[in-house]
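Given next are the chains, with one letter for each unit.
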Amino acid sequence: MSQQRRPLIAGNWKMNGLAAATGEFIELVRLSKEKDNPACDILICPPATLISKMADLAKGSSVAIGGQDCHAAESGAHTGDIAAEMIKDAGGSHCIVGHSERRADHNESNATVKAKAEAALRAGLVAIVCVGETLAEREADRTLDIISDQVKNSLPAGATAANTVIAYEPVWAIGTGKTPTPLDVAAVHAHIRKELGTLMHDSAAVRVLYGGSVKGSNAAELMAVENVDGALVGGASLKAADFWPIVETSI
Ligand code: 13P
């Protein structure tokens, strides 16, 4: 964790959560209000159907709301898609783009991810750009090359430390209970920061999150790794009692 970068602890609810799940969110907001000046930013990215409702519930708290994906266009004939402007309009302030589940399930290329990240910036959202290698790529010793390629080609034009966050999520660590060693995380995060240095003038201030099987029991160790500026949490973000201990490592 760094002095100059304020940690961001973000939850990605993925395709989980009906209206009743907002009870967990209300509890998270309550916990956050017990902290006067939290030392980290807290974000939940619920399914799109809950953004507006949860943005209302978060009012007056330090908890921000975001989308999990957006279309590159501002509006138009794209049935089922959501524009970044709609996420903003619903009360969101951030948008995840290029999550590995979208890269895999929807064949999203780096170029698509970049266009979506640029849409997020256009709408005034902070883009959280996800990168990460598969198990086959790690075993073939290609991790750093894959990460370089994703960072270089997914980063939006006009990216600054204020409008863009990178999330390193090794695909094989997502939802598996497996995590890289702190040394492996440190190596990839240092590599990402080096790449960002060639692409951005304020790269030293960009937050680089770690994601993949983060939970209360391993969060402190992962958050202590150099160049790790927060977490992107899936399963353990769904319940306030699981998520709050992760927030507490950085608060
Ligand atoms: P898990 O925390 O469930 O492994 O998911 C990580 C993730 O994909 C967050 O975007």
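Preceding block: the structure.
Only a predicted model underlies this, so the values are computations on that prediction, with no experimental measurement involved.

**Section: the overall build of the protein**
(1) Moving on: For the protein, the helix and strand inventory stands at 10 helices and eight strands.
(2) Moving on: Over its C-alpha atoms the protein spans a radius of gyration of 17 Å, differing by no more than 12% from the 18 Å that the globule rule assigns to 251 residues.
(3) Moving on: In terms of principal-axis extent, the alpha carbons of the protein reach across some 45 × 45 × 35 Å.
(4) Moving on: A separation of at least 24 residues holds for 74% of the contacts in the protein among residues at least 6 apart in sequence.
(5) Moving on: In the form shown here, the protein has an accessible surface area of approximately 10,800 Å², with 52% of it arising from carbon and sulfur atoms.

**Comments concerning the nonpolar core**
(1) Moving on: Counting 63 residues, the largest nonpolar core has F25, I166, I192 and L196 as its most contacted members.
(2) Moving on: Sequence-distant contacts of L196, defined by excluding residues within four places in its chain, comprise V151, L155, I166, S203, V206 and V208.
(3) Moving on: Core analysis: the next-biggest nonpolar cluster, separate from the first, contains 13 residues, A10, L43, V165 and A167 among them.

**Remarks on the environment of P180**
(1) Moving on: Tracing the backbone shows P180 in the loop between β6 (164–168) and α8 (182–199).
(2) Moving on: A residue is classified by how much of its surface remains accessible, and P180, at 4% relative accessible area, is buried.
(3) Moving on: The residues contacting P180, other than those within four sequence positions of it, are P170, W172, A173, V185 and Y210.

**Thoughts on the sheet that holds β6**
(1) Moving on: Around the barrel, eight strands lie side by side as β1-β2-β3-β4-β5-β6-β7-β8; this closed barrel has parallel pairing. Averaged over all neighbouring strand pairs, the angle between strand axes comes to 25°, with direction disregarded.
(2) Moving on: For strand β1 (residues 8–12) and strand β8 (residues 230–233), the ladder comprises four bridges, and the chain directions are parallel. Across the sheet, residue A10 finds its bridge partner in β8, namely L232.
(3) Moving on: On the sheet, α8 packs against β5 (126–131), β6 and β7 (208–211) and is oriented at approximately 145° with respect to β7.

**Description of the site of the ligand**
(1) Moving on: Near the ligand lie 13 residues; those nearest to it are K14, H99, G175, S213 and G235.
(2) Moving on: Within the contact set of the ligand, an oxygen atom lies 3.0 Å away from a side-chain nitrogen or oxygen of N12.
(3) Moving on: Between the ligand and the protein, one listed contact pairs an oxygen atom with a side-chain N or O atom of K14 at 2.8 Å.
(4) Moving on: When the free accessible area of the ligand is taken as 300 Å², the share hidden by the protein chains comes to 94%.
(5) Moving on: Considered class by class, the residues forming the shell around the ligand number four nonpolar, seven polar and two charged.

**Digging into the state of the cysteines**
(1) Moving on: A complete count under the given rule lists zero disulfides for this structure.
(2) Moving on: Free of any disulfide, C45 has its nearest neighbouring cysteine sulfur in C95, separated by 7.4 Å.
(3) Moving on: Looking at C95, it has no disulfide partner, and the nearest cysteine sulfur is the one in C70, 4.0 Å off.

Calculation notes
Residues numbered from 1 in each chain as written. Predicted model: local features only at pLDDT ≥ 70, side-chain atom pairs only at ≥ 80, totals over all residues. Heavy atoms only, no water. Helix = DSSP H or I, 4+ residues; strand = E, 2+ residues; numbered from the N terminus. Rg over C-alpha atoms; globule rule 2.2 N^0.38 Å. Contact = heavy atoms within 4.5 Å. Areas by Shrake-Rupley, 256 points an atom, 1.4 Å probe, with all protein chains shown as cover. Core = buried A, V, L, I, M, F, W, Y, C linked by side-chain atoms within 4.5 Å. Buried < 20%, exposed > 50% of the residue type's maximum accessible area, 1.4 Å probe, protein only. Pairing = 2+ DSSP bridges. Axes fitted to C-alpha atoms, helices over the stretch in contact; angles between N-to-C directions. Near = heavy atom within 4 Å. Polar contact = N/O pair within 3.5 Å; in protein donor to acceptor, adjacent residues only side chain to side chain. Nonpolar A, V, L, I, M, F, W, Y, C, P; charged D, E, K, R; others polar. Disulfide = S-S within 2.5 Å.

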